[in-house]
Amino acid sequence: MTKGRFTIFPCRIGGVEVVEAASGHVFARHTHEQFGIGLIHQGAQKSLSGRGMVEAGAGDMITVNPGEVHDGVPIGDAGRSWRMLYFEPSAIGDAMEDISQGKTRIAEFTEPVFHDVRTSQHFQALFNSITAPDGDRTGMHGEECVLTLIADVMRTRGGQMHGGGVPSAMRRAQRLIDDDPTVAITLSDLARAADLSRFQVVRGFSRAFGLTPHAYLVQRRIDLARRLIARGVPLAEAAAEGGFADQSHMTRIFVRKYGISPGAYAEAFH
């Protein structure tokens, strides 16, 4: 199996990022800002998810929600290969509004791993439509495939509206980080926002979001840097604007979480 291959395809459908990869990389705990739907082609992996530890092998579908903490460890020495489609929340919202006939724009994927031949066929149809050099120029076929795939995942695989459940104090602490993750926020700042002790914040934040406050702050910074790099911002500038000490610091975090260097990511994206 090819090791270390990571390809980002141009996409004519707005709000969708298309990735194909083969790697033996052990991914650290991280999150994405988008919804993800993927298909394992070869090999297998085990990973943390919002539903606990799961394993996925060839032919299995995988999903992830925005902000859902996950990692990835290959099973065996051969690594694994997979394809992923990452959807901006607004794209999922538009699809859900159509699918539900206007009843909701909000969704949650509830099965991080499942095996369903029909869904995998619809995934492949969408992937092929997006990546084919002589593919659909009007975008109609791609839009049809997006709606069909998301409807499959939501209806057939038990998707549901996203429920709350996060304590308001933890939401206040989270918002303080989200408002500007580049600011040097302290644990005491978070404790004041939550009206709790520092220890209560550490414990409550980890329970609510699956990451410590510091790990969450670093994740939000790498999210910002990743968006800047995708727009073509030079790496050193992206590191500075993302709140990192320097480019090497950003690079270490980026590789650990995504299995690819910022430079390689920039080249793949452009």
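See the structure above.
Residues numbered from 1 in each chain as written. Predicted model: local features only at pLDDT ≥ 70, side-chain atom pairs only at ≥ 80, totals over all residues. Heavy atoms only, no water.

What follows concerns the overall build of the protein chain. Secondary structure summary: the protein chain contains 10 helices and 9 strands in total. If you line up the protein chain on its principal axes, its C-alpha atoms span 55 × 40 × 40 Å. Out of the 270 residues in the protein chain, the part that is buried amounts to 47%. Taking the intrachain contacts of the protein chain between residues at least 6 apart in sequence as the baseline, contacts between residues at least 24 apart amount to 70%. Accessible surface, the protein chain: about 12,900 Å² in total, of which carbon and sulfur atoms supply 51%. Each charge sign in the protein chain was given a centre, from 29 positive and 30 negative side chains, and these centres are 6 Å apart. (Helix = DSSP H or I, 4+ residues; strand = E, 2+ residues; numbered from the N terminus. Buried < 20%, exposed > 50% of the residue type's maximum accessible area, 1.4 Å probe, protein only. Contact = heavy atoms within 4.5 Å. Areas by Shrake-Rupley, 256 points an atom, 1.4 Å probe, with all protein chains shown as cover. Lys, Arg positive; Asp, Glu negative; His and termini not counted. Charge placed at Lys NZ, Arg CZ, Asp CG, Glu CD.)

Moving on, we come to the nonpolar core. Nonpolar side chains in soluble globular proteins tend to end up buried together. Ranked by internal contacts, the top residues of the largest apolar core, which has 28 residues, are Ile-222, Ile-229, Phe-244, Met-250, Phe-254 and Tyr-265. Contributing elements (two or more residues each) for this core: β2 (16-23), β8 (80-87), α7 (213-230), α8 (235-241), α9 (247-258) and α10 (262-269). No other element matches α7, which puts 7 residues into this core. In this structure, Ile-222 is in contact with Phe-244, Met-250, Ile-253, Phe-254, Lys-257 and Tyr-258, ignoring residues within four places of it in sequence. The next biggest cluster of nonpolar side chains, apart from the first, holds 27 residues, and it includes Val-18, Phe-109, Phe-114 and Ala-151. (Core = buried A, V, L, I, M, F, W, Y, C linked by side-chain atoms within 4.5 Å.)

A separate point is helix α1 (residues 89-99). Inspection of α1 places Ala-91, Ile-92, Gly-93, Ala-95, Met-96 and Ile-99 among the buried residues, and these make up the whole buried set. One or two steps after α1, the chain reaches Gln-101, where phi turns positive at roughly 55°.

Attention now goes to unusual backbone geometry. Even without being glycine, Gln-101 reaches a positive phi, approximately 55°. Along the chain, Gln-101 turns up in the loop between α1 and β9 (113-114). Overall, Gln-101 belongs to the exposed group, its relative accessible area being 74%. Look at Asp-195: it is not a glycine, yet its phi comes out positive at around 60°. Mapped onto the elements of the fold, Asp-195 is located in the loop between α5 (187-194) and α6 (198-209). Residue Asp-195 is classed as exposed on the basis of its relative accessible area, which comes to 67%.

Once that is clear, we can look at the packing of helix α4 (residues 168-179) against α7. Where α4 meets α7, the axes come as close as 10 Å, and the angle between the chain directions of the two elements is 35°. In this structure, α4 meets α7 at a crossing whose hand is right-handed. Each of Gln-174, Ile-177 and Asp-178 in α4 lies in contact with α7, whose residues at this interface are Pro-213, Tyr-216, Leu-217 and Arg-220. In terms of residue class, the contact of α4 with α7 is built from 4 nonpolar, 1 polar and 2 charged. (Axes fitted to C-alpha atoms, helices over the stretch in contact; angles between N-to-C directions. Left-handed = near helix turned anticlockwise from the far one by under 90°. Nonpolar A, V, L, I, M, F, W, Y, C, P; charged D, E, K, R; others polar.)

The next point concerns the packing of aromatic side chains. With the rule as written, the count across this model stands at 9 aromatic pairs. Taking 5.7 Å as the distance between ring centres and 80° as the angle between the ring planes, the aromatic pair formed by Phe-9 and Phe-127 counts as edge-to-face. Separated by 118 residues along the polypeptide, Phe-9 in strand β1 (residues 5-9) and Phe-127 in helix α2 (residues 117-131) bring together distant segments of the chain. You can call Phe-127 buried: its relative accessible area is 1%. Ring geometry for Phe-27 against Trp-82: centres 6.1 Å apart, planes inclined by 80°, an arrangement best described as edge-to-face. (Phe/Tyr/Trp six-rings, centres within 6.5 Å; stacked < 30°, edge-to-face > 60°.)

Turning our attention to the environment of Leu-126. Of note, Leu-126 is situated in helix α2. Given the relative accessible area of 0%, Leu-126 is considered buried. Linking Leu-126 and Leu-147, residues 21 residues apart in sequence, is a C-alpha distance of 9.8 Å.

When two helices pack together, you describe them by how their axes are tilted relative to each other and by the distance separating the axes. Direction vectors running N to C along α7 and α9 enclose 95°, while the axes themselves pass 10 Å from each other. It follows that α7 is roughly perpendicular to α9 by the angle criterion. Between α7 and α9, the residues in contact are Val-218, Gln-219, Ile-222, Asp-223, Ala-225, Arg-226 and Ile-229 and Met-250, Ile-253, Phe-254, Lys-257 and Tyr-258, respectively. (Parallel < 35°, antiparallel > 145°, perpendicular 65-115°, else oblique.)

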